[in-house]
Amino acid sequence: MDRAEKEIRLPASMAVEASYVMTMVILALAVLIRAAYAQCSRTVRVMYLHRAVEQMRCREGAEGEETLAYGTVWKGSGKVKGTVKSEIWEKEITAGIHEPEEFLRTLTIFVPEEGGGRDGDTVYQRDEAELSDDHHGGSRGAGL
């Protein structure tokens, strides 16, 4: 058996058809890679926006507008609003101003009842009158 007998001859049309298939496969891969980079860019921009909103939200006394590389963050009237834009999409995040006093006041709902179990583990639900500002001396957070 010499080499000429082992070779399989295919018609030239198979090579042309294979080149069409490879063109489509390479084009599809290029589109998928571009879409992945676009999604990555969008995610990074939104993460930067979220970080900036959280920083502005917790900053004491700072009001006004701050410009980011791709958007803006604005603080005022009890809320923080951040916006980031692209040519084809826009994302907006709105959050209330950080108030740790309000959270601590809410936690007082779960104060153990006096004379409870061995370790004071009995918990009761406080009513609205006990949680009102008047009950805490009229000023916000005075009962803390």
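Residues numbered from 1 in each chain as written. Predicted model: local features only at pLDDT ≥ 70, side-chain atom pairs only at ≥ 80, totals over all residues. Heavy atoms only, no water.

1. Quick look at the overall build of the chain
Looking only at helices and strands, the chain features four helices and four strands. Per-residue burial over the chain gives 15% buried out of 144 residues. If you take every contact in the chain between residues at least 6 apart in sequence, the share linking residues at least 24 apart comes to 30%. In the form shown here, the chain has an accessible surface area of approximately 11500 Å², with 57% of it arising from carbon and sulfur atoms. (Helix = DSSP H or I, 4+ residues; strand = E, 2+ residues; numbered from the N terminus. Buried < 20%, exposed > 50% of the residue type's maximum accessible area, 1.4 Å probe, protein only. Contact = heavy atoms within 4.5 Å. Areas by Shrake-Rupley, 256 points an atom, 1.4 Å probe, with all protein chains shown as cover.)

2. So, the side chain of Lys 75
Note on placement: Lys 75 falls in strand β2 (residues 71-76). Side-chain polar atoms of Lys 75 contact the backbone oxygen of Arg 59, separated by 2.5 Å. When residues no more than four places from it in sequence are discounted, the contact partners of Lys 75 are Met 56, Arg 57, Arg 59, Ala 62, Glu 63, Gly 64, Val 80 and Ile 97. (Polar contact = N/O pair within 3.5 Å; in protein donor to acceptor, adjacent residues only side chain to side chain.)

3. Description of the nonpolar core
Leu 49, Ala 52, Val 53, Met 56, Val 73, Val 80, Val 84, Trp 89, Ile 93 and Ala 95 together form the largest nonpolar core, which totals ten residues. For this core, the secondary structure elements donating two or more residues are α2 (12-58), β3 (79-85) and β4 (90-96). The element that contributes the greatest number of residues to this core is α2, accounting for four residues. Not counting residues up to four positions away in its chain, the partners in contact with Val 53 are Val 73, Val 80, Gly 82, Ile 93 and Ala 95. (Core = buried A, V, L, I, M, F, W, Y, C linked by side-chain atoms within 4.5 Å.)

4. Quick word on the pairing of β2
Where strand β1 (residues 64-67) lies against β2, four bridges are found, and the strand directions are antiparallel. Bridge pairing links Thr 67 to Thr 72 in β2. Hairpin connection of β1 to β2: three residues between the antiparallel strands. Alignment of β2 against β3, held across six bridges, turns out to be antiparallel. Considered in β3, the bridge of Trp 74 is made with Lys 81. (Pairing = 2+ DSSP bridges.)

5. Points about the pattern of salt bridges
Inspection of the entire model under this criterion finds three salt bridges. The closest approach of N and O atoms between Glu 66 and Arg 59, which form a salt bridge, is 3.3 Å. Judged by relative accessible area, which is 29%, Glu 66 ranks as partly exposed. Residue classification places Arg 59 among the partly exposed residues on the basis of a relative accessible area of 35%. (Salt bridge = Lys/Arg side-chain N within 4 Å of Asp/Glu carboxyl O.)

6. Observations regarding the sheet that holds β4
Read from one edge to the other, the open sheet built from four strands follows the order β1-β2-β3-β4, with strand pairing classed as antiparallel. With partners counted over all chains shown, the strands left at the sheet margins are β1 and β4, one partner each. Across this sheet, the average inter-strand angle for adjacent strands is 15°, counted without regard to direction. Judged from the seven bridges that link them, β3 and β4 form a sheet pairing that is antiparallel. Paired with Lys 81 across the bridge in β4 is Thr 94. Together, β1, β2, β3 and β4 form the strand contacts of α2, whose direction differs from that of β3 by roughly 160°. (Axes fitted to C-alpha atoms, helices over the stretch in contact; angles between N-to-C directions.)

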